[in-house]
Amino acid sequence: MSQTAKKSFIAVGIIVLVLLADQILKIWVRTSFFLGEELYITDWFRLHFIENNGMAFGMEVSDKIYLTVFRIIASLLILAYLIWCIRKQQHTLLVSCVALIFAGAAGNIIDCVFYGQIFGYAPWFEGRVVDMLYFPLIESTFPDWMPAVGGDDFVFFSPVFNIADSAIVIGVALILIFERKLFK
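All figures in this text were calculated on a predicted structure; none of them were measured in a lab.

Novice: Residues and numbers for the overall build of the chain, please.
Specialist: From N to C terminus, the chain includes five helices and six strands. Counting helices and strands in the order they occur from the N terminus, the chain gives α-β-β-α-α-β-β-β-β-α-α. Overall, the chain is about 60 × 40 × 30 Å in size when its C-alpha atoms are taken along their principal axes. Within the chain, buried positions represent 38% of all 184 residues. When the accessible surface of the chain is split by element, carbon and sulfur atoms take 70% of a total near 10800 Å². Computed over 13 positive and 16 negative side-chain charges, the separation of the two mean positions in the chain equals 20 Å.

Novice: Please give an account of the environment of serine 8 that cites residues and values.
Specialist: Examined against the element boundaries, serine 8 turns out to sit in helix H1 (residues 3-32). In sequence terms serine 8 and leucine 19 are eleven residues apart; their C-alpha atoms lie 16 Å from each other. A polar atom in the side chain of serine 8 sits 2.8 Å from the backbone oxygen of threonine 4.

Novice: Quick rundown of the UniProt feature "transmembrane region" (unreviewed entry) in the chain? Include the residues and the values.
Specialist: According to UniProt, the positions carrying the feature "transmembrane region" (unreviewed entry) are residues 9-29, 65-86, 93-118 and 154-178. Between the end C-alpha atoms of residues 9-29 there is a gap of 30 Å, over a span that is 100% helix and 0% strand. Taken end to end, residues 93-118 is 100% helix and 0% strand, and its first and last C-alpha atoms sit 36 Å apart.

Novice: Report on helix H2 (residues 64-87), specifying residues and quantitative values.
Specialist: Residues spaced three or four apart along an α-helix face the same direction, because each turn holds 3.6 residues. Here H2 spans 35 Å end to end across 24 residues, near enough to the 34 Å set by a 1.5 Å rise per residue. For H2, every residue scored as buried is listed here: Lys64, Leu67, Thr68, Arg71, Ser75, Leu82, Cys85 and Ile86. In this structure, the buried residues of H2 make contact with H1, helix H3 (92-118) and strand E3 (129-134). Two to three positions downstream of the cap, the backbone nitrogen of isoleucine 65 sits 3.1 Å from a side-chain oxygen, assigning the N-cap of H2 to aspartate 63. Of the residues one or two after H2, glutamine 89 is the one with positive phi, at around 55°.

Novice: Outline the UniProt feature "active site" (unreviewed entry) in the chain, listing residues and values.
Specialist: Under the UniProt annotation, "active site" (unreviewed entry) lies at Asp131 and Asp165. For this annotated set, covering 35 residues, all C-alpha atoms fall within 8.9 Å of each other, a compact arrangement in space. Relative to the assigned elements, aspartate 131 resides in strand E3. Judged by relative accessible area, aspartate 131 falls into the buried class, the value being 3%. Relative to the helices and strands, aspartate 165 is located in helix H4 (residues 163-177). Residues in contact with aspartate 165, not counting those within four places in the same chain, are Asn108 and Asp131.

Novice: Quick rundown of the packing of H1 against H3? Include the residues and the values.
Specialist: At their nearest, the axes of H1 and H3 sit 8 Å apart, and the two run at 35° to each other. Here the hand of the crossing between H1 and H3 comes out right-handed. Of the residues belonging to the contact of H1 with H3, the class tally is 15 nonpolar, six polar and four charged.

Novice: Break down H1 for me, with residues and values.
Specialist: Between its terminal C-alpha atoms H1 stretches 43 Å, which fits the 44 Å expected from 30 residues at 1.5 Å a residue. Of all the positions in H1, only Lys7, Ala11, Ile14, Ile15, Val18, Leu19, Asp22, Gln23, Leu25, Lys26, Val29 and Arg30 are classed as buried. Its buried side turned inward, H1 meets strand E2 (46-52), H2, H3, E3 and H4.

Novice: Can you tell me about the packing of aromatic side chains, naming the residues and giving the values?
Specialist: Considering all chains together, one arrives at ten aromatic pairs under this definition. Measuring from ring centre to ring centre gives 6.1 Å for tryptophan 44 and phenylalanine 135, while their planes differ by 25°; the resulting arrangement is stacked. With tryptophan 44 in the loop between strand E1 (38-40) and E2 and phenylalanine 135 in the loop between E3 and strand E4 (138-141), this residue pair connects regions lying 91 residues apart in the sequence. Under the relative-accessibility criterion, phenylalanine 135 is labelled partly exposed at 21%.

Novice: Which residues make up a nonpolar patch on the surface, and what values do they have?
Specialist: Judged by side-chain polarity, Ile65, Val69, Ile73, Leu77, Phe114, Ile118, Trp124 and Phe125 come together as a nonpolar surface patch covering roughly 750 Å² of accessible area. Counting only elements with at least two residues in the nonpolar patch, the list comes to H2 and H3. Here leucine 77 shows up in helix H2. A relative accessible area of 59% means that leucine 77 is categorised as exposed.

Parameters at a glance
- Residues numbered from 1 in each chain as written.
- Predicted model: local features only at pLDDT ≥ 70, side-chain atom pairs only at ≥ 80, totals over all residues.
- Heavy atoms only, no water.
- Helix = DSSP H or I, 4+ residues; strand = E, 2+ residues; numbered from the N terminus.
- Buried < 20%, exposed > 50% of the residue type's maximum accessible area, 1.4 Å probe, protein only.
- Areas by Shrake-Rupley, 256 points an atom, 1.4 Å probe, with all protein chains shown as cover.
- Lys, Arg positive; Asp, Glu negative; His and termini not counted.
- Charge placed at Lys NZ, Arg CZ, Asp CG, Glu CD.
- Polar contact = N/O pair within 3.5 Å; in protein donor to acceptor, adjacent residues only side chain to side chain.
- UniProt positions renumbered as here; feature names shortened; annotations may be inferred.
- Expected span 1.5 Å × (residues − 1).
- Contact = heavy atoms within 4.5 Å.
- Axes fitted to C-alpha atoms, helices over the stretch in contact; angles between N-to-C directions.
- Left-handed = near helix turned anticlockwise from the far one by under 90°.
- Nonpolar A, V, L, I, M, F, W, Y, C, P; charged D, E, K, R; others polar.
- Phe/Tyr/Trp six-rings, centres within 6.5 Å; stacked < 30°, edge-to-face > 60°.
- Patch = residues over 30% accessible without salt bridge, like charges linked within 9 Å, V, L, I, M, F, W, Y side chains within 5 Å.
- Salt bridge = Lys/Arg side-chain N within 4 Å of Asp/Glu carboxyl O.

What follows is the structure in structure tokens.
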């Protein structure tokens, strides 16, 4: 098997595995949980069903169709870069990282494009991204003596995200960590 074929196989495998895991979990949560429901796995890991109507950290946008079209264009550019990396025999780790980033982007695009219609709450391209992975590592209260926040509850690591988001973060983090090795 040629190096190009091996790298293509690795990239396709990563993309398929991430998309399958992401979509299976999202559909299961979307059809089995009510909005806001939590399933305690451990003290520090829960499935917590929310729907993200916008971008990262729930930031809203005025027109969801433009956001979805932007996501599709950005994903196509990432796919083009992935194909270039494979053809130019770039490092296998770089191919794997770009495949993770593309798979994560594609997983969230599927939600935006199709879920509104499939689940009957929005037109095409205006769906919401299903998030469910929640790791509240520390839940406590600020000491009363602290100015402005004394007595308030806080959660360390409160974002709720999904497998697609994780794939993007892992891909980007590995590229940053191994940047010198990947981009000689």
